[in-house]
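# Notes for the structure review
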Amino acid sequence: MSSAAAVFALSWSGQAAAQDERPASQPGAQSADDDGADPESLYLSATVPNILVSASRSRDSDVTKYTGSAKVVTREDIAVRQVRDIAEVLRDVPGVAVSETAGQTQIRLRGSEANHVLVLVDGIEVSDPFAGEFDISTLQAEIGSNLEVLRGAQSALYGSDAVGGVVAYNTASGSDLEGFAARVEGGTQDTINAAARYGASGSNWNAALSANLVSTDGQPNARGGIRDIGRDSYTVSGKGAVDLSENFELRAVARYVQTEGQFNNSEFDTTSPNFGLIVDSPETRFETEAFYALVGARLELLDGEWTHDLSGQIADVSRDTFGAFGRSSGSEGERLKASYVSGIQFGGGPVLHQVTFAADWERESFRNTDPSGFAFTGERDTENTGLVGEYRLSVLQFELNAALRHDINDRFADATTFRIGAGYDFLQGTRIRAAAGSGIKNPGFFELFGFVDGQFIGNPDLEPEKSIGWEVGVDQDIADGAVRLSATYFESELENEIFTAFPPPSFTATPGNRETDSERRGIELSARARLGPQFSLDAAYTYLDSEEDGVEEVR
């Protein structure tokens with residue numbers, strides 16, 4: 001199916017002219033900040049450059065030197081736009097589509113499925129191990145945060161979940177943004193959006209603690225419905241680091257999210273005129289709890305040229321749904337992951353080499369918490385070990401990078417994925433780039449074993465989805481970088497696509513692998529201009545054409 005989307009944003013930053021000027025709030029909302037101080041002004045001066053953390057497993061890089069398609073949304077961008085939901089921030093990024101339903105807001109990159117996008121929060125994989133995707137509506141734009149988006153297959157770096165790309169959200173550390181900042185906003189539908197943050201640092205340590213609240217009564221989402229669909233979401237997070245010596249650092253991150261809300265079901269009665277449509281479903285609601293944590297250690301040798309990083313992380317997610325007669329279903333999912341990354345940088349003069357090795361071990365487990373007692377409630381799990389090799393070369397205006405990953409899985413066949421890219425800068429501010437890569441997505445527990453309530457029957461014989469794609473792009477800087485124009489053409493092909501069928505005689509939904517390939521191609525255009533010390537202009541356009549065996553496919 002052919003589709004196109006365009007966004008246009010004009011931003012104004014009053015702080016650039018006078019620090020006592022307060023940026024405009026969102027329309028229809030009133031803000032009250034502690035002691036009359038504007039928290040935005042506290043961190044506009046603490047912005048970070050266009051540094052890309054997620055494009056390599058071992059070292060940060062300049063986004064303008066990346067050989068693929070990437071977008072960095074800085075702290076300043078988020079501050080001057082006054083955006084509170086990360087989902088709204090992502091709508092401005094080329095190639096990104098956001099779809100909202102009560103209880104699950106999805107993101108897609110270049111027509112991929114939501115479970116093909118890896119979401120990282122301070123380096124932690126935050127997708128639900130059962131559903132295989134992340135509800136992006138639970139992620140708020142915390143004070144001082146920034147965002148990175150890599151479009152195109154990144155499985156060679158990150159494994160199964162990064163077929164469509166990576167979204168990396170990073171909160172500010174205690175040294176990035178010190179002191180206290182807070183905001184409180186209110187609006188229609190009894191909406192409240194509040195945030196508070198405190199950061200501190202010393203000669204060899206830093207720490208930050210933040211809290212966010214979003215509450216709204218919502219509005220009807222059923223055709224002709226009268227039931228308001230609201231939600232309450234609470235987030236508490238903290239991070240810190242300490243340098244035990246000049247070349248050895250320990251770090252830790254923790255995050256807790258609780259979300260409660262209402263939802264409506266679809267009409268499953270085939271004789272009803274509303275069959276397949278969302279209808280008012282009194283007393284249906286959900287509760288989700290998620291806990292995430294990461295601990296890590298980093299050692300730098302040879303004056304920082306050789307780095308070693310060891311980390312462990314956990315994601316523990318539980319979800320319960322309720323109906324008119326009480327709790328109707330539930331699930332518990334857990335992900336344990338350990339990673340070791342070693343990278344060395346060497347060279348001289350205009351030539352720079354970077355070599356990285358990474359090893360990832362991951363165990364995902366899931367079990368139904370069925371209240372009826374009729375479903376299997378034992379634990380199911382899968383383990384995966386991934387080995388990564390990455391090479392990056394920089395010679396004057398030329399960059400080359402390549403990555404290869406081999407995954408060893410105890411449930412599915414072992415798989416090897418790759419990514420290669422190159423870019424060249426011309427003297428006139430023109431940069432050309434090209435990249436190609438492959439990806440793989442293993443079926444999730446949801447697809448393998450289905451729902452508790454029998455409305456969706458799992459298929460344990462599913463095969464992994466496989467993708468291969470390429471892109472070519474050009475970037476043009478004008479007026480010493482005050483204006484940047486970008487254009488990218490991309491193509492990808494998905495094999496063994498998992499789809500939902502309704503076989504007779506029961507017509508109960510069940511997944512399967514398609515025998516034909518899904519082909520996608522498109523164009524991404526973007527422009528950014530600094531119109532002066534106070535104004536910036538951003539525009540983006542995406543055209544996507546998707547076909548399955550020659551038939552238009554909805555993406």
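Residue positions within a chain follow its written sequence, with the count starting from 1. Only residues with pLDDT of 70 or above have their local features reported here, since the model is predicted, and side-chain atom pairs are shown and tallied only from 80 upward, although totals for entire chains, interfaces and linings are computed over all residues. To obtain the side-chain values, all non-hydrogen atoms of the structure were used and water was disregarded.

As a further point, take empty space enclosed by the protein. Definitions used for this entry: grid spacing 1 Å over protein atoms alone; cavity, a set of points where a 1.4 Å probe fits but cannot get out; pocket, an open set with protein on both sides within 12 Å along at least 5 of 7 lines; lining residue, one with an atom within 4 Å of a point. Grid points are joined across faces, edges and corners, and a volume is the space filled by probe spheres set on the points. This structure, assessed with the given rule, holds six cavities of 30 Å³ or more. A volume near 360 Å³ is recorded for the largest cavity. Lining the largest cavity are 28 residues, with Ser160, Asp161, Glu362, Glu364 and Asn442 sitting closest to its centre. Secondary structure counts use DSSP, requiring at least four H or I residues in a row for a helix and at least two E residues in a row for a strand, with both numbered from the N terminus. Elements supplying a minimum of two residues to the lining of the largest cavity: strand 19 (326–348), strand 20 (351–368), strand 21 (380–395), strand 22 (398–409) and helix 5 (445–449). For the lining of the largest cavity, the element with the most residues is strand 20, which contributes four residues. By volume, the second largest cavity is sized at about 280 Å³. Lining the second largest cavity are 25 residues, with Arg110, Gly152, Ala153, Val163 and Ser492 sitting closest to its centre. Of all the secondary-structure elements, those providing two or more residues to the lining of the second largest cavity are strand 24 (430–441), strand 25 (465–478) and strand 26 (483–495). Three residue categories are used. Nonpolar comprises Ala, Val, Leu, Ile, Met, Phe, Trp, Tyr, Cys and Pro, charged comprises Asp, Glu, Lys and Arg, and polar comprises the others, including Gly. A per-class count over the lining of the second largest cavity returns nine nonpolar, nine polar and seven charged.

Residues enter a patch when their relative accessible area is above 30% and they make no salt bridge; the linking distance is 9 Å between like charges and 5 Å between nonpolar side chains (Val, Leu, Ile, Met, Phe, Trp, Tyr). Computed with the Shrake-Rupley method and a 1.4 Å probe, the accessible areas treat only the protein chains shown as cover for residues. Basic side-chain nitrogens of Lys or Arg form a salt bridge, by our definition, when they fall within 4 Å of a carboxyl oxygen of Asp or Glu. In summary, the charge assignment counts Lys and Arg as positive and Asp and Glu as negative, without counting His or the chain termini. For charged residues, the charge sits on one atom: NZ in Lys, CZ in Arg, CG in Asp, CD in Glu. A cluster of acidic side chains, namely Asp461, Glu463, Glu493 and Glu495, defines a negative patch on the protein surface. In this fold, Glu495 is placed in strand 26.

Next up on the list: the nonpolar core. Note on terminology: a nonpolar core comprises buried Ala, Val, Leu, Ile, Met, Phe, Trp, Tyr and Cys residues joined through side-chain atoms within 4.5 Å. The buried label goes to any residue with under 20% of its type's maximum accessible area, the exposed label to any with over 50%, and the partly exposed label to all in between, with areas taken from a 1.4 Å probe on protein chains only. Ranked by size, the top nonpolar core spans 31 residues in total, and within it Ile86, Leu90, Ile107, Ile136, Leu147, Val167 and Tyr292 carry the most contacts. Residue assignment for this core shows that the elements contributing at least two residues are helix 3 (86–90), strand 6 (96–101), strand 7 (104–109), strand 8 (117–121), strand 10 (146–151), strand 11 (165–170), strand 17 (285–301) and strand 18 (306–323). Residues within four places of Ile136 in sequence aside, it is in contact with Ile86, Ala87, Leu90, Thr105 and Ile107. Leu52, Leu120, Leu150 and Tyr158 belong to the second-largest nonpolar core, a separate cluster that totals 18 residues. Residues count as neighbours in contact if any of their non-hydrogen atoms are within 4.5 Å of one another.

Now for the pattern of salt bridges. On inspection of all chains with the given rule, the structure shows 41 salt bridges. Note that Glu287 and Arg285 form a salt bridge whose closest N and O atoms lie 2.8 Å from each other. Of the residues examined, Glu287 reaches a relative accessible area of 29% and is grouped as partly exposed. Assessed through its relative accessible area of 32%, Arg285 is described here as partly exposed. One salt bridge in this structure joins Asp538 and Arg528, with 3.6 Å as the shortest N-O distance. With Asp538 in strand 30 (residues 535–548) and Arg528 in strand 29 (residues 518–530), this residue pair connects regions lying ten residues apart in the sequence. For Arg528, a relative accessible area of 22% corresponds to the partly exposed category. Counted as one network, the salt bridges with shared partners bring together Arg110, Arg151, Arg433, Glu471, Asp475, Asp477, Arg484 and Glu524.

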